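# Secondary and tertiary structure notes
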Amino acid sequence: MLWSVILLSLQVSGLALFFAAFIGVPFGAWLALTRFRGRSIILAVLYTFMGLPPVVVGLMVYLLLSQTGPFAQLQWLFTTNAMVMAQAVISTPIVAGTVMAAVSGVEPDLRRQLLSLGATPLRAMWDVVFEARFGVLLALVAGFGRNISEVGAVMLVGGNIEGFTRVLTTAIVLETRQGKFDLAVSLGLVLLGLSFLVNGLLLILQTRTNGIWRAV
Amino acid sequence: MNTQIFSLKSILATTLFSAALALSSCAAPAPTAAPTPAAPPANMTLATTTSTNDTGLLAAILPDFERQYNAKVKVIAVGTGQALKLGEDGNADVVLVHARAQEDDFVAKGFGINRRDVMVNDFIIVGPTADPAKVKGEALAAPALRKIAEAKANFASRGDNSGTNTKEKDLWKISAVTPISSTTGWYYAVGQGMGETLTFANEKAAYTLTDRGTWLAQKNRLPNLSIIVGGEKVVQNTDPALQNPYGVIPVNPAKHPNIKANLAEQFAVWITSPATKQKIALFGVEEFGQALFRPL
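Calculation notes
Going along each chain's sequence as written, the residues are numbered from 1 onward. Following the order in which they are written, the chains are lettered starting with A and the ligands numbered starting with 1. Owing to the predicted nature of the model, reporting of local features is limited to residues with pLDDT of at least 70; listing and counting of side-chain atom pairs is limited to 80 or more, with chain, interface and lining totals taken over all residues. Side-chain metrics in this entry use all non-hydrogen atoms of the structure; hydrogen atoms and water are not considered. In this document the domain limits rely on a domain assignment from an automatic tool or a database. Contact between two residues is taken to exist if any of their heavy atoms lie within 4.5 Å; hydrogens are not considered. Take the accessible area each of two parts loses on contact, using a 1.4 Å probe, and add the two losses: that sum is the buried area. Take a side-chain nitrogen of Lys or Arg and a carboxyl oxygen of Asp or Glu: if they are within 4 Å of each other, that pair is a salt bridge. We count a stretch as a helix when DSSP gives it H or I for four or more residues in a row; a strand needs E for two or more, and each element gets its number in order from the N terminus. Three residue categories are used. Nonpolar comprises Ala, Val, Leu, Ile, Met, Phe, Trp, Tyr, Cys and Pro, charged comprises Asp, Glu, Lys and Arg, and polar comprises the others, including Gly. To qualify as a nonpolar core, a set must consist of buried Ala, Val, Leu, Ile, Met, Phe, Trp, Tyr and Cys residues joined through side-chain atoms within 4.5 Å. The cut-offs for exposure are 20% and 50% of the maximum accessible area for each residue type, with area from a 1.4 Å probe on protein chains only; residues under the lower value are buried, those over the upper are exposed, and the others partly exposed. In short, DSSP must find at least two bridges between two strands for them to pair.

Let's shift gears to the domain arrangement of chain B. Residue and element names in this part refer to chain B. The domain architecture assigned to chain B consists of domain 1 (42–120 + 245–295) and domain 2 (122–242). Once you take the C-alpha centre of each, domain 1 and domain 2 turn out to be 26 Å apart. The interface is formed by 15 residues belonging to domain 1 together with 16 residues belonging to domain 2. For the pair domain 1 and domain 2, the summed buried surface comes to about 1100 Å²; carbon and sulfur atoms form 57% of the total. Connecting domain 1 to domain 2 are zero salt bridges. Within the residue set of the side of domain 1 that touches domain 2, elements represented by two or more residues are α2 (50–54) and α4 (80–88). Residue composition of the side of domain 1 that touches domain 2, by class: four nonpolar, 10 polar and one charged.

Here you go:
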């Protein structure tokens, strides 16, 4: 029972982080390296979305997927798909914003030198992002932390259904409501430990793969 | 410039505020010398189940108590399990719940004193209007549940050890269907309140057990569901197993000295008084065309 809840928490938040990184990392890098009219407006919107209340995102996703919503056909409401969708929406701005800040901090001459040495713009962008890899890792850590600790959205769109959509945070809410505080606290500790493990893994991965990054 | 506007605003606000203060002090001339003329209301915490709060019953009757006893009642509406736990830990002064066995246990362990019957409402089984398990016509809950299980039709359970959830588990026991768990693929333990569970049932075309009060208060937003067992009115509900008695229990001050024992006892006396009983009996008639609770 407990293991399936832990596994589901990891699955949902990990998958959501994957989508958030898939969109957020390139978008953040592009925002950092490109200048155009209206960029500051996009930045203001991005910063605002970094603080999106999860419960509001949950509400939006709920309305989209509900039987009366435009995407009712998907039959996603009260499934893990809906939870991944909500968490991806929540963490994408955080990943994008943090990547943007990190890439902006890279010496601007580097990109110019790379370009003048004949690198394609994409290749130059990759190398600049590589220079900002600690910031990119931080973006992933922040995104994952936000996902795994989030409760408002997954409660709304997942429904906290035992064996289907119950994750650690919603299980904690349930146990607290029942007055089983000892179990709730234990689950909270499991959640903390899990976060610690994942972040440790990311850090190890980051130091180990420096060579791989270099090789690409 | 900005600061100027700000200060103008704050001056205006201060003026308005002091004017309001002056007015309100004028309006309170205190002609009848009450024993405690300007005493601030005493706070009392009531731990209760979601059904008493979500139906609007408490909002309708509590102001009378607050006026009579110069009290402010803080309502914590949770499942019966947590409501009793709040009392057990001394975080509430009085509990109003509906799970007789757990209530008796609460009193037997010395956490509460002098439980009194307050009122009764009833449970009903609601489900998809199309009734895929062909349950309609069943007067009793247990055989109805058996049919749902045999048809493997979706069933939404509160799954939170609330009074309603406890009742549901008892009914499954009577129906002799075992085991009931999420592994069946059609039984969903939602682990949330009645409102959320009804929402789930409405979205997923599932049957569920609900108290009639919450159903009546929320049925307008549940277009896919209708009453399957229990009848349209309380009097049509012929299954004694679906009756749902509420009890009031003041928390024992011997366990927790900080409990507002006097106020809690006054509350228990007040909610079981003939005048309050009459209010309870009339609650819902205007809005729903029928009473939601029957005082005991």
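Following the structure, the description resumes.
Here we come to the nonpolar core. Within the largest apolar cluster, 62 residues are counted, with the highest numbers of intra-cluster contacts made by B:F65, B:W215, B:V248, B:F267, B:I271, B:I280 and B:F293. In this structure, this core is formed jointly by two domains, domain 1 (42–120 + 245–295) and domain 2 (122–242) of chain B, each of which donates at least three residues. Residues within four places of B:F65 in sequence aside, it is in contact with B:M44, B:A71, B:V73, B:L263, B:Q266, B:F267 and B:W270. In terms of nonpolar packing, the next biggest core, distinct from the first, is built from 36 residues, A:A102, A:V129, A:F144 and A:A184 among them.

Our next topic: the pairing of strand β7 (residues 207–211) of chain B. Residue and element names in this part refer to chain B. Counting buried positions over the five residues of β7 gives five, a clear majority of the element. Sheet topology note: the strand β4 (residues 116–128)/β7 ladder contains four bridges and is antiparallel. Bridging from a neighbouring strand, I125 pairs with L209 of β7. Two strands pair when backbone bridges link them, and strand β5 (residues 155–157) and β7 are joined in this way by two bridges, in the parallel orientation. Across the sheet, the residue bridging to F155 is Y207, located in β7.

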